[in-house]
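Listed below, chain by chain, are the residues.
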Amino acid sequence: MPIKILTEHIGNTPNLHQFSVYRAKGGYRAVEKALKSLTPDEVTEEVKKSGLRGRGGAGFPAGMKWSFLAKPEGVPRYLVCNADESEPGTFKDRYLMMNNPHALIEGMIVASYSLGARTSYIYVRGEMLYVIQILERAIAEAEANGFLGKNILGSDYSLNLYVHPGGGAYICGEETALLESLEGKRGNPRNKPPFPAVKGLYQCPTVVNNVETIAATSWIINNGGDEYAKIGVGKSTGTKLISASGHIRKPGVYEIELGVPVEEFIYSDEYCGGMWHADSRLKAVVAGGSSVPILPTQLILKTAQGEPRLMTYESLSDGGFVSGTMLGSGGFIAMDESACIVRNTWNFSRFYHHESCGQCSPCREGTGWLEKVLHRIEHGHGHSRDIDLLVDIAKKIEGKTICPLGEAAAWPVGSAIRHFRHEFEWHVSHPHEATRPNAVYRGAAAESVV
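The following refers to the structure shown.

Reading guide: rules and limits
- Residues numbered from 1 in each chain as written.
- Predicted model: local features only at pLDDT ≥ 70, side-chain atom pairs only at ≥ 80, totals over all residues.
- Heavy atoms only, no water.
- 1 Å grid on protein atoms, 1.4 Å probe; cavity = no way out; pocket = protein on both sides within 12 Å on 5 of 7 lines; lining within 4 Å.
- Points joined across faces, edges and corners; volume = space filled by probe spheres on them.
- Helix = DSSP H or I, 4+ residues; strand = E, 2+ residues; numbered from the N terminus.
- Nonpolar A, V, L, I, M, F, W, Y, C, P; charged D, E, K, R; others polar.
- Buried < 20%, exposed > 50% of the residue type's maximum accessible area, 1.4 Å probe, protein only.
- Pairing = 2+ DSSP bridges.
- Axes fitted to C-alpha atoms, helices over the stretch in contact; angles between N-to-C directions.
- Contact = heavy atoms within 4.5 Å.
- Expected span 1.5 Å × (residues − 1).
- Core = buried A, V, L, I, M, F, W, Y, C linked by side-chain atoms within 4.5 Å.
- Phe/Tyr/Trp six-rings, centres within 6.5 Å; stacked < 30°, edge-to-face > 60°.
- Lys NZ or Arg CZ within 6 Å of the ring centre and 35° of its normal.

Description of the layout of surface pockets
Considering only enclosed or pocket space, the largest pocket measures out at about 1,300 Å³ in volume. For the largest pocket, the lining is made up of 46 residues, of which Gly56, Gly57, Ala58, Gly173 and Pro404 are closest to its centre. Going through the elements one at a time, helix H4 (62–67), strand S1 (78–83), helix H5 (92–99), strand S4 (206–210) and helix H18 (405–429) are the ones with two or more residues in the lining of the largest pocket. Here the lining of the largest pocket gets 5 residues from one element, more than from any other, and that element is S4. Split by residue class, the lining of the largest pocket holds 19 nonpolar, 16 polar and 11 charged. The volume enclosed by the second largest pocket comes to roughly 340 Å³.

Focus: the pairing of strand S11 (residues 331–336)
Two faces, one strand: in a regular strand the side chains alternate between the faces of the sheet. Along S11, 6 of the 6 residues are buried, which leaves the element largely enclosed by surrounding structure. Burial along S11 is two-sided: Gly331, Ile333 and Met335 facing one way and Phe332, Ala334 and Asp336 facing the other are all buried. As paired strands, strand S7 (residues 239–246) and S11 are joined by 4 bridges and run parallel to one another. Along S11, the bridge assignment pairs Ser243 with Gly331. Relative to S11, strand S9 (residues 282–286) is paired through 4 bridges, and the arrangement is antiparallel. Note that in S11 the partner of Val286 across the bridge is Ile333.

Some points on the sheet that holds S1
The 4 strands are arranged S3-S2-S1-S4 in an open sheet whose pairing can be described as parallel. Strands with a single pairing partner mark the edges of an open sheet, and in this sheet they are strand S3 (160–165) and S4. When strand polarity is set aside, the average angle formed by the axes of neighbouring strands in this sheet is 20°. Bridge analysis of strand S2 (residues 119–124) against S3 gives 6 bridges, and the strand direction is parallel. Counted as the bridge partner of Val124 is Pro165 from S3. Where helix H7 (residues 129–144) meets the sheet, its contacts fall on S2 and S3, and the angle it forms with S3 comes to roughly 170°.

Remarks on helix H6 (residues 101–115)
The terminal C-alpha atoms of H6 lie 21 Å apart, and with 15 residues this matches the ideal 21 Å at 1.5 Å per residue to within 8%. Counting buried positions along H6 yields 15 of 15 residues, so the element is predominantly enclosed. Following H6 by one or two positions, Gly116 adopts a phi angle in the positive range, close to 80°.

Observations regarding the nonpolar core
Judged by nonpolar contacts, the single largest core of 61 residues is most densely connected at Tyr28, Leu104, Ile105, Ile109, Ile122 and Val124. Among the elements that take part in this core, H6 stands out by supplying 9 residues, more than any other. Aside from chain neighbours lying at most four places away, what touches Ile109 is Tyr28, Val31, Phe147, Leu148, Ile152, Tyr157 and Leu159. Residues Tyr352, Ala408, Ala416 and Phe424 belong to the second largest nonpolar core, which totals 50 residues.

Section: the packing of aromatic side chains
Enumeration over the complete set of coordinates arrives at 19 aromatic pairs. Ring geometry for Phe19 and Tyr28: centres 5.3 Å apart, planes at 35°, overall tilted. In this structure, Phe19 and Tyr28 share a single accessibility class: buried. Ring pairs connect the aromatic residues Phe19, Tyr22, Tyr28 and Phe147, which therefore count as one cluster. In this structure, Arg53 is placed above the aromatic ring of Tyr313, and the distance from its NZ or CZ to the ring centre is 4.0 Å. Positioned over the ring face of Trp346 is Arg350, at 4.9 Å from the centre of the ring.

What about empty space enclosed by the protein?
A complete count under the given rule lists 2 cavities of 30 Å³ or more for this structure. Taken as a whole, the largest cavity spans an internal volume of roughly 60 Å³. Taken together, Ile171, Pro189, Ser356, Cys357, Gly358, Gln359, Cys360, Cys363, Thr401, Ile402, Cys403 and Gly406 make up the full set of residues lining the largest cavity. Residue classes in the lining of the largest cavity are distributed as 7 nonpolar, 5 polar and no charged. Volume-wise, the second largest cavity comes out at about 40 Å³. Lining the second largest cavity are Val286, Ser290, Val292, Ile294, Asn344, Thr345, Phe348, Pro412 and Ala416.

Things to note about the environment of Thr119
Residue position: Thr119 is located in strand S2. For the pair formed by Thr119 and Pro76, sequence separation is 43 residues and the distance between their alpha carbons is 8.4 Å. Excluding anything up to four places from it in sequence, Thr119 contacts Arg77, Tyr78, Leu79, Leu159, Asn160 and Tyr162.

Below you can see the structure in the form of structure tokens.
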């Protein structure tokens, strides 16, 4: 039976969002253990031993991030939870906060204690008002039961925890843009250095972690970092929430032990249950949210060396961007042969153009050009030179912006052309067929539409 760390009681425990139910299931034991028997440094050490990596997309080791926090005397420190989940294809954090809000709050208390933060924030995407209400009710319950506020459980540690609604901009998921927004400013990313660990919220040392990352720390404190590190494969330790969507039989949020083969994840009844129609075949997968490279079937199921591709940070990136991709935020989008890669790429580019903050010229102008050229190809007005033009634009964005939104816009385009160039060429050479409703390229041997 696969280990469930974050979702063990979701779906089988009525009213889990209530403090009394969560507590009856063993909730808040990590807070008791941390405050009564561990020093803040010992909590950080357990998280470092666990090998837990940031679950927001970057995959940076959480314990190491905590250890980088500057601790000047007399200066406040902050923990900020990034709950501004808005990557297309990713919906795991919303699922966790809706169904088990106290898991996040318990993790926030443990992490804040470790970092020496006395005031912490959960920054939630503004459109998710219902989630904000769930969290605020849960925080009030935790405070009423002595787990938040002054002198938690009779200790000398106090913590105030606030929920802050975001402005509904994708860019505010970037940690420094989030901090700007939290301070009441326009959510533009900051130049780095200095990094938030030195100058973050209100120019004070700050750690920003994702919902899933923080929620996992309670299990680590209860069971030990070494036990967590035994789960998974290599440097991909623990479990991971995957938001599965697209042309699969069972879309939803799955908690997997890192190391599950991609093929098993897609086709087993334990997870996605295979393709949505019995006669449909897998065509491509976006494995980690819309910003990561798309891969065709033969490269998502096996590496270029023929090894089974695993759901780990290392295996998914095997081969670099030539033949690999990224685990990212775990937004797993499966497409069957009815999907048009050109149309999908155009849709992604529309999103990134709309969400660019406009601060950096390569992103502001480049995302607009990507959308414009892709629109031209998709709607039957493309030229053969447009395909290489897209590659050139993507290269001129990548690595030339303050924040990763530039890469997020460039990578889907570059990878789609790298692996599905024939589809782009077909759109250019067969504009009438390609612009029919639901037109899809079916291969060189049968250039047809549906």
